[in-house]
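# Observations on chain architecture
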Amino acid sequence: MLYSISSTKINIGFYNFALIILQYNVLAYNLNIDNAKVFNIPKVFNHQRGSYFGFSVALYTDGEDSVLLVSAPRANTSIIENVIEPGTVFQCPINEACKEWIIDRRNKPENHKQYSTINQIKDNAWIGATIAVENKTNPKIVVCAPRLKNSVTNKNVSNWFMNGICYLSLINSTKSFEKETETDILSFAKVQEAIYVYGKTNIYNFGMSQVGFSMHMTSNDLKWDLILGSPGVFNWKGTPLLVTKSIRGKTQTIIPSIKNERSIHTNSYFGYAVTSGYFIKGKLWFASGAPRASNIHGAAIIFTFSHSDNTKLEVKKLLIGEQHGEYFGAALSSCNLNGDDKDELIVGAPHWSKNIDEGRMYIFTALNDVRKISGSRFGSIITCLGDIDYDGYGDIAVGAPYEEESGAIYIFNGNSNGLPKQYSQRIIGKQFGRNIRGFGISISEPRDINGDKYPDIAVGAYLSEQAVLIKSKPVIIITTKLAYDENKKLLKNSTSFLINLCAHYDGINAPKYIRIVKSLKIDQIYRRAHYNTEKNNDNIYKLPDTLYKSKNLCNEFEIHLKVRFLFTKNFKNLFKRINIFLRFLKIYFIYILLGKYSKCNKSN
C-alpha cells in the first residue's frame, strides 16, 4: 500500500490550525477488469480432452486491427488426418470469435540421403507451446512445438527423437493469419548429431533437445535476435541457442556446445526459461534458467556468446536458488524497474514453499542486490509491462495460476528503489467467471491494441480453456492545494474562517472531464468546528464536483467554530490544533494517480 501525506501548519490568532491533505489506500488499479473480454475455445474443439487453450498468449496489432493469439498445445485439428493432439494456435480478432491458424500441414521434413526414412511425428507435438511476437508494426511471429518428434530409420533400425521445431511467419496484416507459416527455423533434424557416443555409452545429444521449450525475441533497427531454450540437449544439461539476423546480413544460428561446460551438469534443464537484458550499461547479455541445477536448488545463468568461437558460452554470472526444489529459474524476465540505465533480472521460483508451493520471485539489481517476494505458485510466469502507469519506472506482471483454485496475476509498479514488496493490483481469475481455472499460466507481452497509448495484456487460463484480454485505463495526475490566507487574522471573537481548495488534473489521453466526490474531515477528535452551517455526527462532509482537464478549479469553504468552545474553561483543548483532512472519495469512470507521486484506487 502506497500513501503520502502533505500538510501545512498555519497559526491563526489564538488557535493553532493544521490543514492536511490526506491520501491513503492508494493503489494503481489502471488495468480495467470491468471491461475485460473472455475468449473461449471454439465449440467444435471443446468436446475434446483439455486442449490447454490459453497455455500461451500473445498480442498482435498493426495500429488499426488487433489479434489475440492463443495456443492450445493439446488440441486436435481437422487439417492433419490421423494425428493425435498435435496442438494448434487460434487467432482471435478482438471483436470476433477465435479461428484456427494453420501452422503446418506437412508430415515429413526435408529428405536426408544418408537415412532411408525420416518421418515427422506430430502426435502430441505441443504446437503453440511458446509464441513470440516482435514488437513492430510488421512483425516476425515465431511459434514452437518442442515435443515434435522425428522417426528415423537407418539400416532397418528405427529411433525416435524429440527434436522440436519452430515456425516463423512474417505478418503484414491480419490477413497473414489466413495462410500457413512461411519458414521453419530449426528442427534439429540433422540426426547425425542426435546421439553422442561417450565411451561405450550412447547419450542423447540433440536427440531430445525440445527446441522452443522457452523463447525470447528482441530486435532493434540493426538486428533481430531469437533465443530458443532447449532443455533436453546433451543428456538434459540443456542449452539456449541463438537465431540472429542483422539488417543486411543472413540469418545465423548459433548452437553452443554444452558438453564441456563445467558450471552446468546433467539434468539441469538449462534453457527452461530465457531472456536478455542490459544488465551492464550498453551491453546486451542473455540469461537462461536451469531449475534443476546446483543440487536441485536451481540456477539462473547470465552469459554471452563468444565472439571468437560461436560454440562457446561465456558465463558472466551464476545465480543460485536458496531452497531445495524451489525451481529457481523456471521463469525469467528482465526490465528496468528503477529508472537507471540497467535492467533488473527477475527470477521466478514457483515451487518455493513455506507450507506448500507458495512460490517466490527474486529481483536482482545490477546482478548483485536481491529482493524476495512470495505468493501462491507465484512466479510461474513473469512479464515486463513497460511503464503502464507513466511514472517513469518499469512495471511487471507475475502469474500464480493455481491460487484460490482459479489462479491470479499480480501487478507490481517499479520505483526508484526497484520494486516494492506490496503489489499494486491483484487480479483473480474468478472475477471473470466462477469456472475459470489456471488463470495466470501465461501473460502476454503488452501491446496497445486500441490506440489509447496505454499497453494492454492477455492472460491465459488453460485449465478452463479460456484467455482474458485486459485493457489499461488512462492514468491521470491530480494536483491539489488546500490553503488559508494568513493575511486574514482570526480575531478572538471570530466564529468562522475561510479555506481554499484548488485542484486540477492532467494525463496522457486523459478524459476531458471527471466527476469526483471530495471528503472533507474537520476536527474529528474534539469537534470544535464544522463546515458551513451543516452539522453531522462524524464531521465528515461529502462534496461532489467536476474537474476539467488542465483547468484549475478552486472552491472556498467556510469553517464555523462552535461557540461553546470559544468560551470554554478547558484551555487545554482550546489551543490544540484543528485538523482538516481532504481526500477524493470517488472518481467516476477512470483509474487515477492522486497527487504527484501517489497511486490511486478505482472508485466504486
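Parameters and conventions
Residues numbered from 1 in each chain as written. Predicted model: local features only at pLDDT ≥ 70, side-chain atom pairs only at ≥ 80, totals over all residues. Heavy atoms only, no water. UniProt positions renumbered as here; feature names shortened; annotations may be inferred. Helix = DSSP H or I, 4+ residues; strand = E, 2+ residues; numbered from the N terminus. Contact = heavy atoms within 4.5 Å. Pairing = 2+ DSSP bridges. Axes fitted to C-alpha atoms, helices over the stretch in contact; angles between N-to-C directions. Buried < 20%, exposed > 50% of the residue type's maximum accessible area, 1.4 Å probe, protein only.

You can read under Subcellular location (unreviewed entry) in the UniProt record for the protein chain the words "Membrane". Per UniProt, the protein chain carries the Sequence similarities (unreviewed entry) text "Belongs to the integrin alpha chain family."

### What to know about the environment of glutamate 96
Considering the arrangement of structural elements, one finds glutamate 96 in the loop between β6 (88-93) and β7 (99-101). When the C-alpha positions of glutamate 96 and phenylalanine 39 are compared, they lie 9.4 Å apart, and in sequence the two are 57 residues distant. Residue contacts for glutamate 96: discarding those within four places in its chain leaves Lys37 and Phe39.

### Examining the sheet that holds strand β12 (residues 157-161)
As summarised here, the arrangement of the three strands in space is β8-β11-β12, forming an open sheet in which the pairing is antiparallel. Only two strands of the sheet have a single partner each, and these edge strands are β8 (117-121) and β12. Put simply, the sheet's adjacent strands are angled 15 degrees from each other on average, direction ignored. Where β8 lies against strand β11 (residues 149-154), five bridges are found, and the strand directions are antiparallel. If you follow asparagine 119 over to β11, its bridge partner there is serine 151.

### Some words on the pairing of strand β25 (residues 331-335)
Judged by how many residues are buried, β25 sits mostly within the fold: five of five residues are covered. Judged by which residues are buried, β25 turns out to be covered on both faces: Ala331, Ser333 and Cys335 on one side and Leu332 and Ser334 on the other are all buried. By the bridge criterion, five bridges tie β25 to strand β26 (residues 344-349) in an arrangement that is antiparallel. By the bridge assignment, leucine 332 is partnered in β26 with valine 347.

### Some thoughts on the sheet that holds strand β4 (residues 57-61)
Pairing between sheet strands relies on hydrogen bonds along the backbone, with the strands arranged either parallel or antiparallel. Judged by pairing direction, the sheet is antiparallel, and its four strands sit side by side in the order β4-β5-β6-β7 without closing on themselves. Two strands close off the open sheet at either side, each with one partner strand: β4 and β7. With strand direction ignored, the average angle separating the axes of adjacent strands in the sheet is 35 degrees. Pairing geometry for strand β5 (residues 66-72) and β6, over six bridges, is antiparallel. In the sheet register, valine 70 faces β6, and the bridge partner there is phenylalanine 90.

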